[in-house]
Amino acid sequence: MAGNENFEPKILAFLCNWCSYAAADLAGSSRMQYPPQIRVIRVPCSGRIDPFLLIRAFNSGADGILVSGCHPGDCHYLDGNYYARRRFLMLKELMQYAGIAEERVNFTWCSASEGKRFAAIVDRVVERIKAVGPWEGFDSRGFIRREEEVAGGN
Amino acid sequence: MLKVLAKSELGQFLDKLKQEFRVVAPVRRQYGKKERVEYHPVENSEEIILDSQPDTPPKKFFLPQNERLGDELEGETDLEEGEKETLIFGVRSCDLKAVEILKPVFLDDDFTDTYFQKKLEKTVMFGLGCSSRQENCFCDSLEINPLEGKNVPVNMYDDGEKIWFAVRDKELEKFFADLPDGDAEELEEKKGKWQEEFEKTAITLDLPLPFPELKTFEAPFWHKVSANCLGCGVCTYYCPTCFCFGFFWEKHPEGIDRWRTWDSCMFPLFTKHGGGHNPRETQKQRTRQRIMHKFSYHPQNFDGVPACSGCGRCISQCPVNIDLRVILRTVEKYLKEEEGVKSSG
Amino acid sequence: METNYSEISKKIQEISRKLLEEGRVDRVIGFERGEFTGEMTPVLVTDPEEAENLLFNPECEMMLAKYLLDYGGSTTGIVAKPCDTRAITVYLAEELIKRDEIVIIGINDCQGLEENEACDECGVRNPVVADEEIGQPRQEPVETDIKDDLKDMSLGERFAYFQEEFSRCIRCYACREACFVCSCEECFVDSNQPQWVGFSVGLRDNFTFHLMRAMHMAGRCINCGACELACPEAINMRALTRNLYRVAQEVYEFEPGLDPEEKTLFATYRLNDSEQGFLD
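Residues numbered from 1 in each chain as written. Chains lettered and ligands numbered in written order. Predicted model: local features only at pLDDT ≥ 70, side-chain atom pairs only at ≥ 80, totals over all residues. Heavy atoms only, no water.

### Quick word on the overall build of chain A
For chain A, the helix and strand inventory stands at five helices and four strands. In chain A, the succession of α and β elements from N to C terminus is β-α-β-α-β-α-β-α-α. A total of 154 residues make up chain A; the buried ones form 55% of that total. Here the contacts in chain A between residues at least 6 apart in sequence split such that 83% fall between residues at least 24 apart. Entry remark: accessible area of chain A is about 6300 Å², with carbon and sulfur atoms responsible for 48%. (Helix = DSSP H or I, 4+ residues; strand = E, 2+ residues; numbered from the N terminus. Buried < 20%, exposed > 50% of the residue type's maximum accessible area, 1.4 Å probe, protein only. Contact = heavy atoms within 4.5 Å. Areas by Shrake-Rupley, 256 points an atom, 1.4 Å probe, with all protein chains shown as cover.)

Encoded structure:
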């Protein structure tokens, strides 16, 4: 688990088209260094991200997620990120209550001019996820009850 | 060969069986607040429960809820050889009958389901005669004898203190060699008493099997009997005879696997076509399908035998307490009334 | 004061008979006792003569509100516990049913049900909306707290606990069907474009299913306990939704099903909503 020196996390980053994706762009064109472990998915708006996608990310083996949208008040679609904010807070509570470390579930805001901030955020996220170690999956303990039945029936 | 075993010596006896078999028996499990009796590999003989019907049927040993059938590259996988045979200890008449019902479905002459067949071949079942009626069961109304399991090498009886074994298979006799002989008359007397109890609480169902499809299909009562159905799959997943399954492919980091899992006619997705049309759109149609399959289509195809063994699990487990017996009574009444109208008119 | 359930049942019968005879409703949804099982089961009464079968007692644990969704376009009477009326309120808020198509026979001063632990956490003892009321409304408020049994567990312990619980899930979807919130035309588990959850019943997909289910409940779930009661495998899935209910209460001061005019949690926002736990 934690302390694995060679652990390179797989992080899915959902960035809104209007602010955070532009921030990532800016960070790149300004030649800022940030860790390469994030895989960016560009979405129209943080308000359009179905929480299911984020749960699904863990189902498919991502070690963590990062969601970033425009700062509240700056949404291209006026209030998309206000709706998103409620959803993400509830999702975070849900994941944490179910036993998934909160370090894996990251939300933030980044405007198009904040290339530097974006690089710093990615740095932080990667560090946070490295600290909790690889995600072992929902089925880290195997089938438990089902296993004995299937194996035994053969 | 009739043998008896004091219950206190059950552990020792099972140890003997365990040398040759993987012994599975109904054991008690505590899940949260709910106490359950389920078939599990036995670790400790004290947890075996013989006086109460297991909440889940033994179907899962022949038709597991998930079964991996191979992957995209290897093709079909062979079953593992060399495993110990499974011995299911204490299977009641209803569940034994259920296996008999499943057999012609999977072991058809034209097509044999090898997965089912191989599992069945590697399984031995010890029957258990019921000494009292279980919650909601009605196998005797479907012409099944609750005291006498059919097609089993050993039939057991539990009278509270001793376990009786009626051994019918020569090969298995070696396990029973050092047990004392039982008194056949004493057992008969006990069975007589149990039989009486069953007769007292029996309900008579006068069902024409198979149900006449044309007469019942559009009958008005279906709406009433299905009105409170939620549409979950509990009744079919707990049924010892429901065998519908689906195939699908599942992706994982190493490749793609082919799986077979249970499916249920109570789900709308069961019949939904690729184009979006669903021939069984309402819960009424789906409930009707479940009943008609069990009591009309199955008997039409398999010598008049209904695909129900009267174990009553669908009744006990239903979240809204829908009662199959009430539905059968309704059908019975409806057909009688129809008959009356016709003969008088 | 003892609650007289035979008195309540008699009132229900009287009112239902009257409603059916006068033609104010096409049917009444209530409870009757099963012929062979002796247990309570939901029943649809269309004939005034059958109204005498309707009963009410602390064994009536099923939520009836969901049946209302099947009968749009005609009038339906419903025997409603306070939790049913909250469910109806959520439906009204989401415009899934029309107020003038239902007649609510509300039961005042609910004492809770026998087997439902959620009742101990419920502070709503009188119907939120009702057309006909039975009994006297309870005047003094009930002080209750949403329990949190898993509070003292560590993160890893909670994860292991839920793994153990969800490994038992056979995906019969009884929790979904028993839940009044689950009224989507197509459930996410039935969708294959995109396919949110795998069909095989393994821990990975079971866990995913329960997380997604809980996420769908957030801001709609009224913590009635129907999911837990319906589950044949006694899975404690309510722990997840109950926690979200409490968070919504604490963070947004939001409780669903109390006011048909109020929007649901995710259908609205405030400018100064909390950003607790976000990276700054």
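Continuing now.
### Observations concerning the interface of chain A and chain C
The partner chain C presents 57 residues to the 48 residues of chain A that form the contact. Summing both partners gives a buried area of about 4900 Å² for chain A against chain C, and 63% of it is carried by carbon and sulfur. On the chain A side of the interface with chain C, the three residues burying the most area are A:Phe52, A:Arg86 and A:Tyr97, jointly 20% of the side's total. For the pair chain A and chain C, the interface holds three salt bridges. (Buried area = accessible area lost by both parts, 1.4 Å probe. Salt bridge = Lys/Arg side-chain N within 4 Å of Asp/Glu carboxyl O.)

### A look at the layout of surface pockets
The computed volume of the largest pocket comes to approximately 1600 Å³. Lining the largest pocket are 48 residues, with C:Cys182, C:Ser183, C:Cys184, C:Glu185 and C:Glu186 positioned closest to its centre. For the lining of the largest pocket, the secondary structure elements donating two or more residues are α2 (51-59) of chain A, α7 (221-226) and α9 (283-301) of chain B together with α4 (174-178) and α5 (203-217) of chain C. When grouped by side-chain class, the residues that make up the lining of the largest pocket number 21 nonpolar, 11 polar and 16 charged. (1 Å grid on protein atoms, 1.4 Å probe; cavity = no way out; pocket = protein on both sides within 12 Å on 5 of 7 lines; lining within 4 Å. Points joined across faces, edges and corners; volume = space filled by probe spheres on them. Nonpolar A, V, L, I, M, F, W, Y, C, P; charged D, E, K, R; others polar.)

### Considerations on the sheet that holds strand β1 (residues 11-16) of chain A
Residue and element names in this part refer to chain A. What the four strands build is an open sheet, ordered β2-β1-β3-β4; its pairing is parallel. Each edge of the sheet is formed by a strand with only one pairing partner; in this case those strands are β2 (38-43) and β4 (105-109). Each strand axis lies, on average, 20° off the axis of its neighbour in the sheet, ignoring direction. As judged from the six bridges shared by β1 and β2, these two strands associate in the parallel manner. The residue bridging Cys16 from the neighbouring strand is Val43, located in β2. In this fold helix α1 (residues 20-29) packs onto β1, β2 and β3 (64-69), with an angle of close to 110° to the strand it touches most, β1. (Pairing = 2+ DSSP bridges. Axes fitted to C-alpha atoms, helices over the stretch in contact; angles between N-to-C directions.)

### What to know about helix α2 (residues 82-93) of chain C
Residue and element names in this part refer to chain C. Along its 12 residues, α2 runs 16 Å from first to last C-alpha, staying within 8% of the 16 Å computed at 1.5 Å per residue. The buried fraction of α2 is high, at 11 of 12 residues. Here α2 has its buried residues at Pro82, Cys83, Asp84, Thr85, Arg86, Ala87, Ile88, Thr89, Val90, Tyr91 and Leu92. With its phi angle positive at about 55°, Glu95 sits one or two positions after the end of α2. (Expected span 1.5 Å × (residues − 1).)

### Some words on the pairing of β4(A)
Residues and elements named next belong to chain A. The buried fraction of β4 amounts to five of the five residues, a majority that puts the element mostly inside the structure. Where β3 meets β4, five bridges bridge the pair, whose relative direction is parallel. If you follow Gly69 over to β4, its bridge partner there is Trp109.

### Considering the state of the cysteines
A full pass over the atoms with the stated rule returns zero disulfides over all chains. Unpaired in this structure, B:Cys239 has its nearest cysteine sulfur neighbour in B:Cys242, at a distance of 3.7 Å. (Disulfide = S-S within 2.5 Å.)

### Structural notes on the nonpolar core
Counting residues in each nonpolar core, the largest one holds 170 residues, and the members touching the most others are A:Met90 and C:Leu211. Core analysis: the second largest hydrophobic core is formed by 26 residues, B:Val23, B:Val42, B:Leu50 and B:Phe126 among them. (Core = buried A, V, L, I, M, F, W, Y, C linked by side-chain atoms within 4.5 Å.)

### Structural notes on a negative patch on the surface
On the surface, a cluster of negative charge is made up of B:Glu135, C:Glu39, C:Glu114 and C:Glu115. By the element assignment, B:Glu135 lies in the loop between β7 (123-129) and β8 (154-158). (Patch = residues over 30% accessible without salt bridge, like charges linked within 9 Å, V, L, I, M, F, W, Y side chains within 5 Å. Lys, Arg positive; Asp, Glu negative; His and termini not counted. Charge placed at Lys NZ, Arg CZ, Asp CG, Glu CD.)

### Digging into the pattern of salt bridges
Counted by the stated rule, this structure contains 54 salt bridges over all chains. One salt bridge connects B:Glu20 with B:Lys174, and the closest N-O pair in it is separated by 3.4 Å. In this pair, B:Glu20 sits in the loop between α1 (10-18) and β2 (21-31) while B:Lys174 sits in helix α4 (residues 173-176), placing the two residues 154 residues apart along the sequence. The class for B:Glu20 is partly exposed, based on a relative accessible area of 40%. In this structure, the salt-bridge partner of B:Glu332 is B:Lys336, at a minimum N-O distance of 3.3 Å. Highlighted residues: B:Glu332 and B:Lys336, both in helix α11 (residues 324-344), separated by four residues, approximately one helical turn. Each of B:Asp206, B:Arg329, B:Glu332, B:Lys336 and C:Glu35 takes part in a single network of salt bridges with overlapping partners.

### Focus: the domain arrangement of chain C
All names here are of chain C. Partitioning chain C into domains gives domain 1 (5-134) and domain 2 (155-267). Distance between the C-alpha centres of domain 1 and domain 2: 24 Å. In this complex, domain 1 contributes 21 residues to the contact, which on the side of domain 2 involves 24 residues. For the pair domain 1 and domain 2, the summed buried surface comes to about 1900 Å²; carbon and sulfur atoms form 58% of the total. (Domains from an automatic or database assignment.)

### Focus on the side chain of C:Asp148
Structurally, the position occupied by C:Asp148 is in the loop between β5 (132-134) and α3 (155-167). On the basis of relative accessible area, C:Asp148 is assigned to the buried category, the value being 18%.

### A closer look at the sheet that holds strand β2 (residues 40-45) of chain C
Residue and element names in this part refer to chain C. Pairing in this open sheet of five strands is mixed, and the strands run β2-β1-β3-β4-β5 from one edge to the other. Single-partner strands in this sheet number two, and they are β2 and β5. On average, each strand axis in the sheet is tilted by 25° relative to the strand beside it, whichever way the strands run. Bridge count between strand β4 (residues 102-107) and β5: three bridges; the pairing is parallel.

### What about unusual backbone geometry?
Residue B:Pro210 follows B:Leu209 across a cis peptide bond; omega there is -10°. Notably, B:Asn151 is not glycine yet its phi reads approximately 60°, a positive angle. Checked against the element boundaries, B:Asn151 lands in the loop between β7 and β8. Judged by relative accessible area, B:Asn151 falls into the exposed class, the value being 61%. Phi at C:Asp109 takes a positive value of approximately 50°, unusual for a residue other than glycine. Residue placement: C:Asp109 occurs in the loop between β4 and β5.

### Focus: α3(C)
For α3(C), spanning 13 residues, the distance from its first C-alpha to its last is 18 Å, which sits close to the expected 18 Å at 1.5 Å a residue. Buried residues of α3(C): C:Arg158, C:Phe159, C:Phe162, C:Gln163, C:Glu165, C:Phe166 and C:Ser167, and no others.

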